[in-house]
Structures are given as C-alpha cells and as structure tokens.
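As a plain string of letters, each chain reads:
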Amino acid sequence: MAKIILPAKMENLGKLLDFVRENAIKSGLSKKDATQVIVAAEEGIINIINYAYPDSDGKVSVICEDTGDKFAIILEDQGIPFDPLSLPEPDVDLPIEDRTIGGLGIFMIKNIMDNVIYEREDDWNIFTLIKNKH
Amino acid sequence: MENKILVTCKDGIAKAELTGRLDATSAPTLQNALKEILGEKIEHLVLLVKDLEYISSAGLRVIIFTKQKIGVDAKLYLIQPQDTVLEIIKMSGLDNFMIIQDSFEE
C-alpha cells in the first residue's frame, strides 16, 4: 500500500496523478489501462479539489493498493458528505449539440473501473476505484 | 513531454495543436485559446493530437463546448491520435462526432 496526502488544491493535481501513474505501472497494469485509471483518478480528485471544502482548506489522501489480481485507488477527504455515484449520467448517444457538459466524469469513472464504491465513515468521504488486472 | 497548446484560425479552418497532457490543469488554457477564435466563421475544427499523450474528461468537455459553439455544420477532425487517447475518446462517445484520420488536407 502506498499513500500520499496533500492539500486539496489544483496545483497538487499533477503530483497526485504522478503518484497514481507510478503505482499503476508498478502493479503491472498495461500502459492503456494505466492511462485510463489515471483519467478516472483525475475525475475523483478534481471533485474533491472543487467541491469537498467550500469554506475551508482541507486535504486529500490518495492510497494505491495492489492486491495481486486488482489495482485499487482509494480517495479520502474530510469535506462535506458527497457521493459521486449519486450524480446523473449523461446520455452519450445524444448528438454532440445536445450533450451536457456535466456528469461526463462519473460516466468515465464507471466505464473505466470494474468496481466503484462510495462510503461515508465518521467525517470521511471514502471513494474506492478498483481495476481488475487482465 | 511539455504541455503545449497552439491554436490558429485561417480561411474557416481552426487548428489546435495539442502536445503533452490535456488535463484539468491545461484544459482552461485550451478553452481560452479557442474562445479567442469563436467570433470567426469556422467550417473545420482540426485537432492535431499526434503528440498528445493524455486526455481527461476536462479536455473532452472543452471539445464538446467548442463544437457546440461553432455550430452543427462545422466538421470536427481528430488527426493522428495515439491509442491511449483514442480509447478515452471512444469511451466518451465523442468519436461519433469526429472524423478521425492520419492527416488533414486543406
């Protein structure tokens, strides 16, 4: 298990994603899978940076876990309770002119990852993203 | 690879050359560069992505937003995408609205 904790600020996004990339590759994911996992992680981290702490500064913690047949990313924050899975999904079959900008991120997360779990424990949001190794 | 965004517009053809990573930190730069040319008549929006290594949904949103602004008749091209980028675009369904090819001939 590897863990990084940084202030939930946009300037730290690169560092957090580098951390995920490094661990994804170390776990043996293909370049294609690693890139997709980073897209999913970015979306989850951006949600925390943008929405978790509306009135204060807070931190985001990113944990990467290699369980042998799976690679898991666990995103944690102590911000306002927020279940990303509650967001409506966009209709990706609509013509581009009618597409809405919101909801695309969570749609991508669900498509990329094999399993996503949101939990609220005490004052923590815990969002777990799991990718099966092939 | 260093992130670089170069947007030009001439004779109805807008070109955006994207290098490196198009993520939540670099997408606003592209959005602003494209906003500059929105006043012009654009028939073709050409994304030159040979050296683009990564695109996240922040980047996809800029593409959707721009296509909506330039109108139904404008054609959207994706030129020489790397496999990793193409996979993400296909997953979002945006490939249905793009002409994906190896080069753009004016």
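Sequence positions are assigned chain by chain, starting from 1 and proceeding in written order. Chains and ligands are labelled sequentially in the order written, the chains with letters from A and the ligands with numbers from 1. Totals for whole chains, interfaces and linings use all residues, but because this is a predicted model, local features are given only for residues with pLDDT of at least 70 and pairs of side-chain atoms are given and counted only at 80 or more. Side-chain measures were taken over the full set of non-hydrogen atoms in the model, leaving aside hydrogen atoms and water.

Focus: the environment of D69 of chain A
Residues and elements named next belong to chain A.
Stage number 1. A helix here means a DSSP run of H or I that spans at least four residues, while a strand means a run of E at least two residues long, and both kinds are numbered starting from the N terminus. Here D69 is to be found in the loop between β2 (59–66) and β3 (70–77).
Stage number 2. Distance in space between the C-alpha atoms of D69 and K133 is 5.4 Å, their sequence separation being 64 residues.
Stage number 3. We call two residues in contact whenever any of their non-hydrogen atoms come within 4.5 Å of each other. Aside from chain neighbours lying at most four places away, what touches D69 is K131, N132 and K133.

Quick word on the sheet that holds strand β5 (residues 124–132) of chain A
Within a sheet, each strand pairs with its neighbour through backbone hydrogen bonds, oriented either parallel or antiparallel.
Residues and elements named next belong to chain A.
Stage number 1. Strand pairing requires that DSSP identify at least two bridges connecting the strands. The strand order across the open sheet built from five strands is β1-β2-β3-β5-β4, with neighbouring strands paired in antiparallel fashion. Each edge of the open sheet is held by one strand with a lone partner, namely β1 (2–7) and β4 (115–121). Between one strand axis and the next, the sheet turns by 15° as a mean value, whatever way the strands run.
Stage number 2. Where β1 meets β2, six bridges bridge the pair, whose relative direction is antiparallel. Opposite I5, over in β2, you have S61 as the bridge partner. Axis angles are defined between N-to-C directions and span 0 to 180 degrees, where every axis is a line fitted to C-alpha atoms and, for a helix, only to the segment in contact.

Remarks on the environment of N50 of chain A
Residue and element names in this part refer to chain A.
Stage number 1. One can find N50 in helix α2 (residues 31–52).
Stage number 2. A relative accessible area of 42% means that N50 is categorised as partly exposed.
Stage number 3. For the pair N50 and S61, spaced eleven residues apart in the sequence, the C-alpha separation amounts to 15 Å. A 1.4 Å probe rolled over the protein chains alone gives each residue an accessible area, and that area as a share of the maximum for its type sets the label: buried under 20%, exposed over 50%, partly exposed in between.

So, the packing of helix α1 (residues 13–26) of chain A against α2 of chain A
All names here are of chain A.
Stage number 1. Viewed as axis vectors pointing N to C, α1 and α2 meet at an angle of 145°, and their least axial separation amounts to 10 Å. Here α1 runs over α2; the crossing is right-handed. Here L13, L16, L17, V20, R21, A24 and I25 of α1 come into contact with α2, specifically with A34, V37, I38, A41, E42, I45, I46 and I49.
Stage number 2. Under the grouping applied here, Gly and all other residues not named as nonpolar or charged are polar, the nonpolar ones being Ala, Val, Leu, Ile, Met, Phe, Trp, Tyr, Cys and Pro and the charged ones Asp, Glu, Lys and Arg. In the contact of α1 with α2, the residues fall into 13 nonpolar, no polar and two charged. Take the far helix as the reference: if the near one is turned anticlockwise from it by less than a right angle, the crossing is left-handed, and if turned clockwise, right-handed.

Observations concerning empty space enclosed by the protein
Stage number 1. A pocket, in this scheme, is an open set of points on a 1 Å grid over the protein atoms alone with protein on both sides within 12 Å along at least 5 of 7 lines, while a cavity is a set where a 1.4 Å probe fits but cannot get out; residues line either one if an atom lies within 4 Å of a point. Grid points are joined across faces, edges and corners, and a volume is the space filled by probe spheres set on the points. One pass over the full model with this rule turns up two cavities of 30 Å³ or more.
Stage number 2. Along its surface, the largest cavity is lined by 13 residues, and I48, D77, F82, P84 and N125 of chain A are the ones closest to its centre.
Stage number 3. Of all the secondary-structure elements, those providing two or more residues to the lining of the largest cavity are α2, β3 and β5 of chain A.
Stage number 4. In terms of residues, the lining of the largest cavity owes the most to one element, α2 of chain A, which gives five residues.
Stage number 5. Residue composition of the lining of the largest cavity, by class: nine nonpolar, three polar and one charged.
Stage number 6. What the second largest cavity holds in volume is close to 30 Å³.
Stage number 7. If you trace the second largest cavity, you find it lined by N3, K4, I5, L18, T19, G20, R21, L22, S26 and L52 of chain B.
Stage number 8. Broken down by element, the residue count for the lining of the second largest cavity peaks at five residues, all from strand β2 (residues 13–22) of chain B.

Overview of unusual backbone geometry
One can expect most non-glycine residues to show negative phi and most peptide bonds to be in trans.
Stage number 1. For D122 of chain A, which is not glycine, the phi torsion reads 50° and is therefore positive.
Stage number 2. Residue position: D122 of chain A is located in the loop between β4 and β5.
Stage number 3. Taking the relative accessible area as the measure of exposure, D122 of chain A reaches 76% and is therefore exposed.
Stage number 4. With a phi angle near 50°, D11 of chain B is a residue other than glycine that sits in the positive phi range.
Stage number 5. Looking at where D11 of chain B falls in the secondary structure, it is placed in the loop between β1 (4–10) and β2.

A few points about the packing of aromatic side chains
How two aromatic rings sit relative to each other is set out by the distance from centre to centre and by the angle between their planes.
Residues and elements named next belong to chain B.
Stage number 1. Aromatic contacts are taken between Phe, Tyr and Trp rings whose centres are within 6.5 Å, Trp giving its six-membered ring; a plane angle under 30 degrees counts as stacked, one over 60 as edge-to-face, and the others as tilted. This structure, assessed with the given rule, holds one aromatic pair over all chains.
Stage number 2. Residues Y77 and F104 carry aromatic rings whose centres are separated by 4.8 Å and whose planes lie at 70° to one another, so their mutual orientation is edge-to-face. Remark: F104 occurs in the segment after β6 (99–101) and Y77 occurs in strand β5 (residues 75–79); sequence separation between them is 27 residues. Of the two residues examined, Y77 and F104, each falls in the buried class.
Stage number 3. The cationic tip of R21 hangs over the ring face of Y54; the distance from NZ or CZ to the ring centre is 4.1 Å. Any Lys NZ or Arg CZ found within 6 Å of a ring centre and within 35 degrees of that ring's normal is scored as a charge over the ring.

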